[in-house]
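Chains, contacts and geometry: an overview
Below are the chains, spelled out letter by letter.
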Amino acid sequence: MALELRELAPGALGHMRSRAHTGARARRRPRGPCRGLEREAPARRKGRGASLEDAGCLSSATMKVKVIPVLEDNYMYLVIEERTREAVAVDVAVPKRLLEIVGREGVSLTTVLTTHHHWDHARGNAELARLRPGLAVLGADERICALTRRLVHGEELRFGAIHARCLLTPGHTSGHMSYFLWEEECPDPPAVFSGDALSVAGCGLRLESTAQQMYESLTQILGTLPPDTKVFCGHEHTLGNLEFAQKVEPGNDHVRAKLSWAKKRDEDDMPTVPSTLSEELLYNPFLRVAEESVRKFTGKAAPAEVLEALCKERASFQRAAEPLQPQARALLALQWGLLGTPQQK
């Protein structure tokens, strides 16, 4: 799996990361995507905010993932099947930027996979569908703009040699779908595009589902994927997430080490995606609700209650880090789908 970073505009990642930092703080697994992992040297830089075009690459036989920072702190992705030159986009927020990369790569964009209906993940679907007639726009929620087919939990899709399993992961929204991808006849790690269900060292806010549903999504669906699964999440919230994780488990050496690494990435204006599931299990408190240290922090014992308490503590932590002005609250409400938009069905 080749991993490449591209940006919306010079300085985009530095801007989005600074905002995220201040505001957030026994089955046999399928063979996975990407053979022979190799990382290219980062592109030359002229200081913070310089172009991140082709900043990094992991080489592979068949599947290539392009990481595209957009908006304040979002990621959208372009997944390319190298042999057929078919491409699949995940969470299209800025369609023209996506099409620039599609054209540069010389691939055929056939499908959009949308994790959930919120504005910052699905706003580009309608324009993209208009520009590309016949494009399949897939997801699990009827509220997703320009949806052409509703997916169900456990459904499997195929894009050349790439398999995609649809995993319903309610919590952030009731119709949130994550996508687990792997390649045929490839021994290397699979990948999950987790949207706002799971992020590096954190997870999305619980807006529509119960704490029990969110717990099951995190621990029984995403948490049981192969440990080497690469996690491609929807936002660059890593620094804030790790600062909160350190508050939850101040004695956790894995949190401390990851936070140090993330700060270095921030200084170099580089992304923190992907992580791996095995890493998340070491430092992500929302996957560690059964750990005594996390239970002690929350004062709860039942896993779903621990998770609910963590969500409340994180909300307080974020408010203390950067109190939201009324205008910002309205923007978040719009992004989360709490206010109607022309793009929603």
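The structure contained in this document is the topic of the report that follows.

So, how was this worked out
Residues numbered from 1 in each chain as written. Predicted model: local features only at pLDDT ≥ 70, side-chain atom pairs only at ≥ 80, totals over all residues. Heavy atoms only, no water. Buried < 20%, exposed > 50% of the residue type's maximum accessible area, 1.4 Å probe, protein only. Helix = DSSP H or I, 4+ residues; strand = E, 2+ residues; numbered from the N terminus. Pairing = 2+ DSSP bridges. Phe/Tyr/Trp six-rings, centres within 6.5 Å; stacked < 30°, edge-to-face > 60°. Core = buried A, V, L, I, M, F, W, Y, C linked by side-chain atoms within 4.5 Å. Contact = heavy atoms within 4.5 Å. Lys, Arg positive; Asp, Glu negative; His and termini not counted. Salt bridge = Lys/Arg side-chain N within 4 Å of Asp/Glu carboxyl O. Axes fitted to C-alpha atoms, helices over the stretch in contact; angles between N-to-C directions. Parallel < 35°, antiparallel > 145°, perpendicular 65-115°, else oblique. Left-handed = near helix turned anticlockwise from the far one by under 90°. Nonpolar A, V, L, I, M, F, W, Y, C, P; charged D, E, K, R; others polar.

Moving on: the pairing of strand E3 (residues 74–81). Most of E3 sits out of view: 8 of its 8 residues are buried. The side-chain alternation of E3 yields two buried faces, one formed by Asn74, Met76, Leu78 and Ile80 and the other by Tyr75, Tyr77, Val79 and Glu81. Between E3 and strand E4 (residues 86–90), which pair antiparallel and follow one another directly, the connecting turn spans 4 residues, one of which, Arg85, has a positive phi of 65°.

Attention shifts here to the packing of aromatic side chains. A complete count under the given rule lists 8 aromatic pairs for this structure. Summarising the aromatic geometry, the rings of Tyr77 and Phe193 are spaced 5.2 Å apart at their centres and angled 65° between planes, so their arrangement reads as edge-to-face. Within this pair, whereas Tyr77 is found in strand E3, its partner Phe193 is found in strand E11 (residues 191–195), the two being separated by 116 residues in sequence. In this structure, Tyr77 and Phe193 share a single accessibility class: buried. Measuring from centroid to centroid gives 5.5 Å for Phe244 and Phe317, while their planes differ by 55°, and the two rings are tilted.

Here we come to the nonpolar core. By size, the foremost hydrophobic cluster in this structure holds 35 residues, and its most contacted members are Val65, Tyr77, Leu157, Leu181, Phe193 and Phe232. The residues contacting Phe193, other than those within four sequence positions of it, are Val65, Tyr77, Val79, Val90, Thr115, Ser178, Tyr179, Leu181 and Phe232. Judged by nonpolar contacts, the second largest core, of 26 residues, contains Cys203, Leu218, Phe244 and Leu310.

Another aspect to go through is the side chain of Asp196. Considering the arrangement of structural elements, one finds Asp196 in the loop between E11 and helix H5 (211–222). The side chain of Asp196 sits in the buried core without any salt bridge; Arg314 is the nearest counter-charge, 9.7 Å away.

Attention now goes to the environment of Val306. As for its placement among the helices and strands, Val306 is situated in helix H10 (residues 303–321). Along the sequence, Val306 and Ala211 sit 95 residues apart, while their C-alpha atoms lie 9.1 Å from each other. Each residue touching Val306, except ones within four places of it in the same chain, is listed here: Val289, Val294, Arg295, Thr298, Lys300 and Ala301.

Right, let's talk about the sheet that holds strand E9 (residues 162–168) for a bit. Spatially, E8-E9-E10-E11-E12-E13 is the arrangement adopted by the 6 strands of the open sheet, whose pairing is mixed. Of all strands in the sheet, those with a lone pairing partner are strand E8 (156–159) and strand E13 (275–276), marking the two edges.

What follows is about the packing of helix H6 (residues 238–248) against H10. Where H6 meets H10, the axes come as close as 11 Å, and the angle between the chain directions of the two elements is 120°. Comparing their axes, H10 and H6 come out oblique. Considering the relative orientation of H6 and H10, their crossing is right-handed. Here Gly240, Glu243, Phe244, Lys247 and Val248 of H6 lie close against H10, whose contacting residues are Leu310, Glu313, Arg314 and Phe317. Split by residue class, the contact of H6 with H10 holds 4 nonpolar, 1 polar and 4 charged.

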